[in-house]
Amino acid sequence: MKVMVFHIGADRYALPLWAVARVVPAAALKAIPLAPAWVAGLLDLHGEAVPVIDLSSLAGVPPAQLWYDSRIILVDYPAGAGATRPLGLLAEHVVGVDSVDGAALLDPGVGGAPFLGQVAASAAGMLQLLSVEQLLAPDVRALLFQDAGAAS
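Predicted, not measured: the structure shown is a model, and the values here were computed from it.

Chemist: Let's hear about the side chain of R12: which residues, and what values?
Modeler: Here R12 is to be found in strand β2 (residues 11-16). Among buried Asp, Glu, Lys and Arg side chains, R12 stands out as unpaired, with D98 the closest opposite charge at 4.8 Å. Apart from the residues within four sequence positions on either side, R12 is in contact with V5, F6, H7, S122, A124, G125, M126, L127 and Q128.

Structure below.
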């Protein structure tokens, strides 16, 4: 399976490549007042306001710093009833595309955040998959996608 690899703090994570719509350089974002700290803001993407989540803050580590290899990974977030909405994921140290043997993926064996999925070991270290569908709790989904708030 092809994956987009990035870091959250010192640890390596990945998204299945099929979940990645586009990768853009980190850009200035408009703040969203009263949003959770891990909501980085809104990205103006060709006139469309796209909410951006800071993956570092979401995972409970210090907020992302902007590095030369920080990127916003755009995904099509499932908004219910078969619809999708663009969602940006601010990620530090985006490494790029790699391959993971699907047979090597294992359950992590410990409970954690619902968006953390299977893990795989490699010469470069442990890699954990993120589940796009599990990134947002229903209340945050309602905050970011007002017309999709009731979707589950």
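Chemist: Please provide a residue-by-residue account of the confidence of the model for the protein chain, values included.
Modeler: Per-residue confidence for the protein chain gives a mean pLDDT of 83, with 93% of residues at or over 70. For residues 148-152, every residue scores under 50 in pLDDT, and the model assigns this stretch nine contacts once sequence neighbours within four places are set aside.

Chemist: Tell me about the environment of L87, and name the residues and values.
Modeler: As for its placement among the helices and strands, L87 is situated in strand β7 (residues 83-99). As for L87 and A142, which are separated by 55 residues in sequence, their C-alpha atoms are 13 Å apart. Leaving out residues up to four positions away in the same chain, L87 has contacts with V50, P51, I53, I73, L74, V75, Y77, L135, L136, L144 and F145.

Chemist: A description of the nonpolar core should follow, citing residues and the corresponding values.
Modeler: The biggest cluster of nonpolar side chains holds 28 residues, and the ones touching the most others in it are F6, I73, L87 and L136. Only β1 (2-8), β2, α1 (55-58), β6 (71-80), β7 and α2 (138-144) provide two or more residues apiece to this core. It is β7 that contributes the most residues to this core, four residues altogether. Here L136 is in contact with W38, I53, Y77, L87, R141, L144 and F145, once residues within four sequence places are set aside.

Chemist: Quick one: what's the story with the packing of aromatic side chains, residue by residue and with numbers?
Modeler: In the structure shown here, the tally under the stated rule is one aromatic pair. Plain terms: the ring middles of Y77 and F145 are 5.8 Å apart, the flat faces sit at 20° to each other, and that makes the pair stacked. One end of the pair, Y77, is in strand β6; the other, F145, is in the segment after α2, and 68 residues separate them in sequence. What makes Y77 buried here is its relative accessible area of 1%.

Chemist: Any chance you could break down the pairing of β1 for me, citing the residues and the numbers?
Modeler: A large share of β1 lies buried, amounting to five of its seven residues. Of the strand pairs in this sheet, β1 and β7 are connected by five bridges, and their pairing is antiparallel. Its bridge partner being in β7, V3 is matched across the sheet by D98. Bridge count between β1 and β2: six bridges; the pairing is antiparallel. Among the inter-strand pairings, H7 is bridged to a residue of β2, identified as R12. Counting the residues that bridge the hairpin from β1 to β2 gives two residues, and of these G9 lies at a positive phi of roughly 65°.

Conventions adopted
- Throughout this description, residue numbers start from 1 for each chain and increase along the sequence as written.
- Local features in a predicted model are, by the rule used here, given only for residues with pLDDT of at least 70; side-chain atom pairs are given and counted only at 80 or more, and totals for whole chains, interfaces and linings are based on all residues.
- Water and hydrogen atoms were dropped before computing side-chain values, which therefore reflect all heavy atoms in the structure.
- In this text, helices come from DSSP runs of H or I with a minimum length of four residues, and strands from runs of E with a minimum of two, each type numbered from the N-terminal end.
- The rule is simple: take the accessible area with a 1.4 Å probe, protein chains only, and divide by the maximum for that residue type; under 20% is buried, over 50% is exposed, in between is partly exposed.
- Counted as positive: Lys and Arg. Counted as negative: Asp and Glu, with His and the chain ends omitted from the count.
- Criterion for a salt bridge: a side-chain nitrogen of Lys or Arg within 4 Å of a carboxyl oxygen of Asp or Glu.
- Contacts are assigned to residue pairs that have any heavy atoms within 4.5 Å of one another.
- Here pLDDT means the predictor's own confidence in every residue, given as a number from 0 to 100.
- To define a nonpolar core, start from buried Ala, Val, Leu, Ile, Met, Phe, Trp, Tyr and Cys residues and group those joined through side-chain atoms within 4.5 Å.
- In this scheme Phe, Tyr and Trp rings, the latter by its six-membered ring, pair at centre separations within 6.5 Å, and the angle between planes marks the pair as stacked below 30 degrees, edge-to-face above 60, and tilted otherwise.
- At least two bridges found by DSSP between two strands are what make those strands a pair.

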